[in-house]
Amino acid sequence: MPSNTDYALYWDPSGAPEYPAGYESGLDKYFEDVAHDSGGDQNVESVLVQYKDSAGEFANYSAHFGGALVDTDPYPASGCTAAPICLTEEQLRAEITKYVEGRKLPMDLQHLYFLLTPPGVESCIEAKSHECSAGTKHASYCSYHGYIQVTGTLIIVYTNNPYVEGTNCDNGEEHPSGEPSDATIGGGLAHEYAESVTDPELNAWYDSKGEEVADKCRTLKVPTEFGEPLGKAPDGSNYNQVINGDLYWYQQMWSNEAGACKQRSAQPPQPPTVTKVTPKSGPTTGGTTVTITGANFTAPATVEFGGVSATEVTVNSATSLTAISPAEAKGAVDVTVTTSVGTSAVGKKDRFKYKS
């Protein structure tokens, strides 16, 4: 896809199973965050830009969030028997087509529809198939992507994303945002997002085994599938993505350039370092405006003088910030800076001396 405008399509009939609180808002935030950081190199979408099709068209990290769509049509009679509400791929495709055509929404290789169903709504590839979603006794997939050829020039690119929290698709069991949407993102949606962008018509990029860019890194082993965590979220969960300042945990994607699974094309964000404080001393009563020089400063940041939090911390740039010293006892202390990535190591150049 040269660019992708993404729609979250919630199939939500009256009286049907409900989405948990925080699910829809968490997914919408994810799409907004990915769009916000378009063109950057700090998340997994930056790995996808190296892929092109036979015509030489490259995928670009140019994402946009088209918005949340709500389909209130009732579910059809179950076409499969793996769950009380069980829909076949044919039924899903028919509903997506009906919804998109009926509202005259775009149908091309630059728009992508994510079908999202609530807990208890399952699906199978065919009526008598044992290839079904994770919440069934025949669980074999977490999500998948495909396309619908409407006419010779009109095409609908879509993904099917059943609810997966608490299933074996809830990989790593890391929920850094604290919302049930984390399971869907990490359990399949980010996987299908990447494969839709690099292989929307199932004929663009895959290896000799038929594995697409995300399949090759679906190892089911946390260290290789997810890579090194960047840190811990407030609830103690690991995270390996910081997108628009929000924390996420989902799998790596295959980089042909690196010949390995990677979580981003750039080097992972580094913790801050402190190389200088100016002035180097101040009164024990505090109140001194101190300029701290170093590297990898990002907002929001906190500063501590010997373990006591400073006030009025302002990040001026990646290499400079200012803070007001707190009151402290007489003596020298280390000045440390903490960002979402980590805390600066202490050293001789971060010392600040309190004088009476």
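It should be emphasised that the depicted structure is a prediction, and the values quoted were computed from it without experimental measurement.

## As for the sheet that holds strand 18 (residues 289-295)
The strand order across the open sheet formed by four strands is 16-18-22-21, and the pairing between neighbours is antiparallel. Taken across any chain shown, the strands that pair with only one partner, and hence form the sheet edges, are strand 16 (273-278) and strand 21 (311-317). Ignoring which end each strand starts from, the neighbouring axes of this sheet average 25° apart. In this sheet, strand 22 (residues 320-324) lies alongside strand 21 in antiparallel orientation, the contact comprising four bridges. Within strand 22, the residue paired with Val315 across the bridge is Leu321.

## Details of the pairing of strand 2 (residues 63-71)
Taken together, the eight bridges between strand 1 (residues 4-11) and strand 2 define a ladder with parallel strand orientation. In the strand pairing of strand 2, Thr5 is matched with His64. Each parallel crossover has a hand, and the one from strand 1 via helix 1 (residues 23-36) to strand 2 is right-handed.

## Digging into the sheet that holds strand 1
An order of 2-1-4-9-8 is seen for the five strands of this open sheet, with the pairing classed as mixed. Where the open sheet ends on each side, the last strands, each with one partner, are strand 2 and strand 8 (144-149). The mean inter-strand angle of the sheet, taken between neighbouring strand axes irrespective of direction, is 25°. The pairing of strand 8 with strand 9 (residues 155-161) spans six bridges and is antiparallel. Considered in strand 9, the bridge of Gln149 is made with Ile155. Contacting strand 1, strand 2, strand 4 (111-116), strand 8 and strand 9, helix 2 (residues 89-102) crosses the sheet at an angle of about 130° to strand 9. On the sheet, helix 3 (residues 181-198) packs against strand 1, strand 2, strand 4, strand 8 and strand 9 and is oriented at approximately 155° with respect to strand 4.

## Focus on the state of the cysteines
Applying the stated criterion across every chain yields a total of four disulfides. Residue Cys80 pairs covalently with Cys86 via a disulfide, S to S 2.1 Å. Where Cys80 bonds to Cys86 through sulfur, the torsion about that S-S bond is close to -105°, and the disulfide is left-handed. What makes Cys80 buried here is its relative accessible area of 4%. Cys142 shares a disulfide with Cys169; S-S distance 2.1 Å. Across the disulfide from Cys142 to Cys169, rotation about the S-S bond amounts to roughly -90°, and the bridge is consequently left-handed. Taken together, the positions of Cys142 in the loop between strand 7 (139-141) and strand 8 and Cys169 in the loop between strand 9 and helix 3 put the pair 27 residues apart, joining distant regions of the chain. Note on Cys142: relative accessible area 15%, which makes it buried. Classification of Cys169 by relative accessible area gives buried; the value is 2%. In the protein chain, the cysteines engaged in disulfides, taken in order along the sequence, are linked 1-2, 3-4, 5-6, 7-8.

Basis of the calculations
- Residues numbered from 1 in each chain as written.
- Predicted model: local features only at pLDDT ≥ 70, side-chain atom pairs only at ≥ 80, totals over all residues.
- Heavy atoms only, no water.
- Pairing = 2+ DSSP bridges.
- Helix = DSSP H or I, 4+ residues; strand = E, 2+ residues; numbered from the N terminus.
- Axes fitted to C-alpha atoms, helices over the stretch in contact; angles between N-to-C directions.
- Right-handed = clockwise from strand over helix to strand, strands pointing away.
- Contact = heavy atoms within 4.5 Å.
- Disulfide = S-S within 2.5 Å.
- Buried < 20%, exposed > 50% of the residue type's maximum accessible area, 1.4 Å probe, protein only.

These results come straight from atomic positions and should not be treated as a statement about function.
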